[in-house]
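# Close look at the chain arrangement
The lines below spell out each chain.
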Amino acid sequence: RPQLMERNHDVAALLRGEQGRVVMDGSAPVYLSRERDPHVGTTGYCVLDRGRDALRSVYRGYAEVCAAERLPMVICTATWRATHARCVRSGLGSCEDLNAAAVSLLRETVARYPQVLVMGCMGPAGDAYRSNEALSTEEAIQYHTPQVRALIRAQVDFLGPSTLPALSEALGMALAIAREPSPPPYVISFVLRPTGTLLDGTPLHEAVRVIDAATAPLQPTCYWVNCTHPDTCAQGLLKQPAGFLQVCVSVRSHCAAGVHADEESMWPGGQRISSLTGRAGRHLHGRAHLPGA
């Protein structure tokens, strides 16, 4: 137990940017999107020989870059869609087995790269760009708890519910983690509008306040924004109150230059990139000193 607590403390410090910058992966599904299982997405690759080889190649490429640069890196498990309900519908295996297979595959691939942190990736129940499909808080607790437990048992370094469009489901996912015995560090990552709100209209800073209050004393280590265009990230984050960016330390954006006003899925529109880049990134970093930018 003391070793686990020390490890959790070290991981949390890295995620908060207290030990310098941490590089984020660019998301394996970008490279492996053509033959994904319709129910569990890239998780299906973890139980197929050809799929495992493809994932290993992507993971190894990321790890080698960071080893050469001597930087720590977060690589996400291929489990964004590996909830209990979706695993059952896929027929490929149980939630427990598929999540364990995904974590094991990533761990084995990066075993010789100690600078890699393994994030247990989780996603919303519905379309990440349609907030009207988000679960209520109580529904989310029930729906996501089996995957939370499966990823914890598989010994990820931290949990990362990501691409969340609405406060209700994000809060439920946070509570599902915080209510576990001795939960690992975790982050909550939203999709952001240029107005500074989640897709459901909740101001980002208000979502953080609500989740922090509800999960105390086991709040998220920090908050992220992902799968949002860099210009949108910059506009949305700069609309937050002074000092807010101290709790939002990473941005994983993509290059689809749309706005979420109609909440149409932007997934086919562009390739994700691993950090906030270009003029928007430079502008935000200069104005707000965002550690992860």
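Scroll up a little and you will see the structure.
Just so you know, these numbers come straight off a predicted model, no measurement behind them.

### Describing the overall build of the chain
Within the chain, the secondary structure is distributed over nine helices and seven strands. Across the 293 residues that make up the chain, the buried fraction comes to 55%. In the chain, 77% of the contacts between residues at least 6 apart in sequence involve partners at least 24 apart. Carbon together with sulfur atoms contributes 51% to the accessible area of the chain, which is approximately 12700 Å² in total.

### A closer look at the packing of helix H5 (residues 137-153) against helix H6 (residues 167-178)
Viewed as axis vectors pointing N to C, H5 and H6 meet at an angle of 45°, and their least axial separation amounts to 7 Å. Relative to H6, the element H5 lies oblique. Pair H5 / H6 crosses with right-handed handedness. Mapping the contact onto sequence places Thr137, Ala140, Ile141, His144, Thr145 and Val148 in H5 and Ser168, Glu169, Leu171, Gly172, Met173, Leu175, Ala176 and Ile177 in H6. Taken together, the residues that form the contact of H5 with H6 break down as eight nonpolar, five polar and one charged.

### A closer look at the pattern of salt bridges
Going through the model one piece at a time under the given rule, you end up with seven salt bridges. Residue Arg107 is joined to Asp157 by a salt bridge in which the shortest nitrogen-to-oxygen separation is 3.1 Å. Pair noted here: Arg107 is in helix H4 (residues 95-109) and Asp157 is in the loop between H5 and strand E4 (158-161), with a separation of 50 residues, a long-range link. Linking Arg149 and Glu180 is a salt bridge whose minimum nitrogen-to-oxygen distance equals 2.9 Å. Taken as a pair, Arg149 in helix H5 and Glu180 in the loop between H6 and strand E5 (187-190) lie far apart in primary sequence, 31 residues in all. The exposure class of Arg149 is partly exposed, given its relative accessible area of 38%. Given the relative accessible area of 12%, Glu180 is considered buried.

### Overview of the sheet that holds strand E1 (residues 23-24)
Across the sheet, four strands lie side by side as E1-E2-E3-E4; this open sheet has parallel pairing. Because the sheet does not close on itself, it has two edges, and the strands there are E1 and E4. Pairing between E1 and strand E2 (residues 73-76): two bridges, direction parallel. Bridging from a neighbouring strand, Met24 pairs with Val74 of E2. Docked against the sheet, H5 engages strand E3 (116-122) and E4, running at close to 160° with respect to E3.

### Some thoughts on the side chain of Thr202
For Thr202, the location among the structural elements is in the loop between E5 and helix H7 (204-215). If sequence neighbours within four positions are ignored, Thr202 has contacts with Leu167, Thr197 and Ala207.

Parameters and conventions
- Residues numbered from 1 in each chain as written.
- Predicted model: local features only at pLDDT ≥ 70, side-chain atom pairs only at ≥ 80, totals over all residues.
- Heavy atoms only, no water.
- Helix = DSSP H or I, 4+ residues; strand = E, 2+ residues; numbered from the N terminus.
- Buried < 20%, exposed > 50% of the residue type's maximum accessible area, 1.4 Å probe, protein only.
- Contact = heavy atoms within 4.5 Å.
- Areas by Shrake-Rupley, 256 points an atom, 1.4 Å probe, with all protein chains shown as cover.
- Axes fitted to C-alpha atoms, helices over the stretch in contact; angles between N-to-C directions.
- Parallel < 35°, antiparallel > 145°, perpendicular 65-115°, else oblique.
- Left-handed = near helix turned anticlockwise from the far one by under 90°.
- Nonpolar A, V, L, I, M, F, W, Y, C, P; charged D, E, K, R; others polar.
- Salt bridge = Lys/Arg side-chain N within 4 Å of Asp/Glu carboxyl O.
- Pairing = 2+ DSSP bridges.

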